[in-house]
Amino acid sequence: QQDHTLGECVFYDNRFMQSLRQEHELTALFQGALDRGEFLVYLQPKVRLSDGKTAGAEALVRWRNPQRGMIFPSDFIPVLEKNGSICKLDRYIFEKVCELLARRMQEGKAIFPVSVNLSRQHFKDPDFLRQFSEIADKYHIPDGILELELTESIFFDDQGIEFVGKCIRRMHRLGFKCSLDDFGSGYSSLGLLREFDVDTIKLDRRFFLDISQPKAEDVLICLTELGRRLGVQIVAEGIEKQEQIAFLKRVRCDMVQGYFYSRPLPVEEFWEWLEKRQE
Ligand code: C2E
Ligand code: CA
Ligand code: CA
Ligand code: CA
């Protein structure tokens, strides 16, 4: 992975990486790292194609360990999911996002929706949304600003589809938006869009890998039209190239996220990036 910013060292120590994948090693390190503030929020912009404005961001976690350097989510999230610690980390990241939005509001600056990722593990605890809502209230975050990203795989977990539907309704009552992440990466079914009232669909980057394919454009035209009919916003993920942007404008996609605009950035760099861009 190369989305580190300059000055941060990337991680090459293979033995350490392997030990991370061992549950007990990581579990032993996790709580200490959390307490020492080694987990950081990075923000990646979402740009609206109709006017080119930055209309949102996604929070992505990074683990910066003083000895080990930068560690990416794919190296620790799968293990934290196995032992349930991921819920603690997600709540921590969510609180950091509330904190940075509150600071922004105090400075009199405009804020926009920021999404955080929720592991499917949260759905094992029927009460998890109350905790998120209490945190949001503590920082006086207005309704409609915090968005929760769920991957489509949760709809196929044992808790059952009814419970997930209930959670989504509850999210809305609590003032959260809900987006369906990684749509098209495996499990997707259009039936999900009929059953569930999501605000946003995030189309997985593999939709845009080969846009010269004859059917690519027709598929996307239909998906964006479906989005408009259902009143669901469509976000294209993993966009790196100018040709992809031109394509997405042709098919009238709403929002774009990807290296083309910016890699995920440390919070301060993100605000600087934003200010430079709005000039
Ligand atoms: P995701 O939610 O699908 O996030 C998008 C991933 O794509 C991020 O990887 C981002 O850095 C990467 N990306 C963005 N633009 C581009 C692009 O133009 N090209 C390519 N090739 N990649 C791009 P990242 O940050 O390494 O995160 C990987 C996954 O880890 C995320 O996928 C998400 O599922 C999970 N994750 C990240 N942060 C959290 C978190 O706080 N909680 C939970 N539960 N999961 C998280
Ligand atoms: Ca996501
Ligand atoms: Ca609220
Ligand atoms: Ca995604």
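Not measured: the values here are computed from a predicted model. (Residues numbered from 1 in each chain as written. Chains lettered and ligands numbered in written order. Predicted model: local features only at pLDDT ≥ 70, side-chain atom pairs only at ≥ 80, totals over all residues. Heavy atoms only, no water.)

Another point: the overall build of the chain. Across its full length, the chain holds 10 helices and 10 strands. Compactness check: the chain gives a C-alpha radius of gyration of 19 Å against a globular reference of 19 Å for 279 residues, within 12% of the reference. Dimensions along the principal axes, computed over C-alpha positions, put the chain at roughly 50 × 45 × 45 Å. Taking all 279 residues of the chain together, 51% fall into the buried category. The contacts in the chain between residues at least 6 apart in sequence include a share of 68% that link residues at least 24 apart. Of the accessible surface of the chain, which amounts to about 14000 Å², a share of 49% is contributed by carbon and sulfur atoms. Across the chain, the centroid of the 39 positively charged side chains sits 1 Å from that of the 45 negatively charged ones. (Helix = DSSP H or I, 4+ residues; strand = E, 2+ residues; numbered from the N terminus. Rg over C-alpha atoms; globule rule 2.2 N^0.38 Å. Buried < 20%, exposed > 50% of the residue type's maximum accessible area, 1.4 Å probe, protein only. Contact = heavy atoms within 4.5 Å. Areas by Shrake-Rupley, 256 points an atom, 1.4 Å probe, with all protein chains shown as cover. Lys, Arg positive; Asp, Glu negative; His and termini not counted. Charge placed at Lys NZ, Arg CZ, Asp CG, Glu CD.)

Mean pLDDT over the chain: 90, with 91% of residues reaching 70 or higher. Listed scores for the predicted complex are pTM 0.93 and ipTM 0.98. (pLDDT = per-residue confidence, 0-100.)

Before going further, it helps to spend a moment on the site of ligand 1. Lining the immediate environment of ligand 1, one finds 24 residues, of which Q44, R62, D90, E240 and Y259 sit closest. At 3.2 Å from an oxygen atom of ligand 1 is found a side-chain nitrogen or oxygen belonging to E58. At a separation of 3.3 Å, an oxygen atom of ligand 1 approaches a polar side-chain atom of D182. Protein coverage of the free-state accessible area of ligand 1, which is 800 Å², stands at 83%. Counting residues per element, the ones that place at least two in the shell around ligand 1 are strand 2 (54–65), helix 3 (73–83), helix 4 (86–106) and strand 6 (177–183). The dominant element in the shell around ligand 1, judged by the number of residues it contributes, is strand 2, at 4 residues. (Near = heavy atom within 4 Å. Polar contact = N/O pair within 3.5 Å; in protein donor to acceptor, adjacent residues only side chain to side chain.)

For the calcium ion (ligand 2), the protein coordination sphere consists of E58 (OE), N117 (OD1), E149 (OE) and D181 (OD), at 2.2 to 2.3 Å. Read in sequence order, the donor residues for the calcium ion (ligand 2) give the motif E-x58-N-x31-E-x31-D. Between the calcium ion (ligand 2) and the calcium ion (ligand 4), a separation of 4.1 Å is found, and both are coordinated by D181. Of this pair, E58 sits in strand 2 while D181 sits in strand 6; the two residues are 123 residues apart in sequence, bridging distant segments of the chain. According to the relative accessible area criterion, E58 is buried, its value standing at 3%. Overall, D181 belongs to the buried group, its relative accessible area being 5%. (Donors = N, O, S within 2.8 Å, 3.2 Å for Na, K, Ca; no water.)

Moving on: the coordination of the calcium ion (ligand 4). In an ideal tetrahedron of four donors about a metal, each angle is 109.5 degrees. In an ideal octahedron of six donors, the angles are 90 or 180 degrees. On the protein side, the calcium ion (ligand 4) has D181 (OD), D182 (OD), E237 (OE) and E237 (OE) as donor atoms, found 2.2 to 2.7 Å from it. Here the donor residues of the calcium ion (ligand 4) share one chain and are spaced in sequence as D-D-x54-E. The exposure class of D182 is partly exposed, given its relative accessible area of 22%. You can call E237 buried: its relative accessible area is 13%.

Attention now moves to unusual backbone geometry. The backbone phi angle of H140 is positive, close to 55 degrees, even though this residue is not glycine. With respect to the helices and strands, H140 occurs in the loop between helix 5 (128–138) and strand 5 (146–151).

To continue, consider helix 10 (residues 267–278). In a regular helix each residue adds 1.5 Å, so 12 residues correspond to 16 Å; helix 10 covers 17 Å between its end C-alpha atoms and thus fits that length. Residues V267, F270, W271, W273 and L274 constitute the buried set of helix 10. Here the buried residues of helix 10 occupy an arc of 160 degrees about the axis, which is enough to place them on one side. Of the surrounding elements, those touching the buried residues of helix 10 are strand 1 (39–48), strand 2, helix 4 and strand 10 (265–266). (Expected span 1.5 Å × (residues − 1). Arc of directions from axis to C-beta.)

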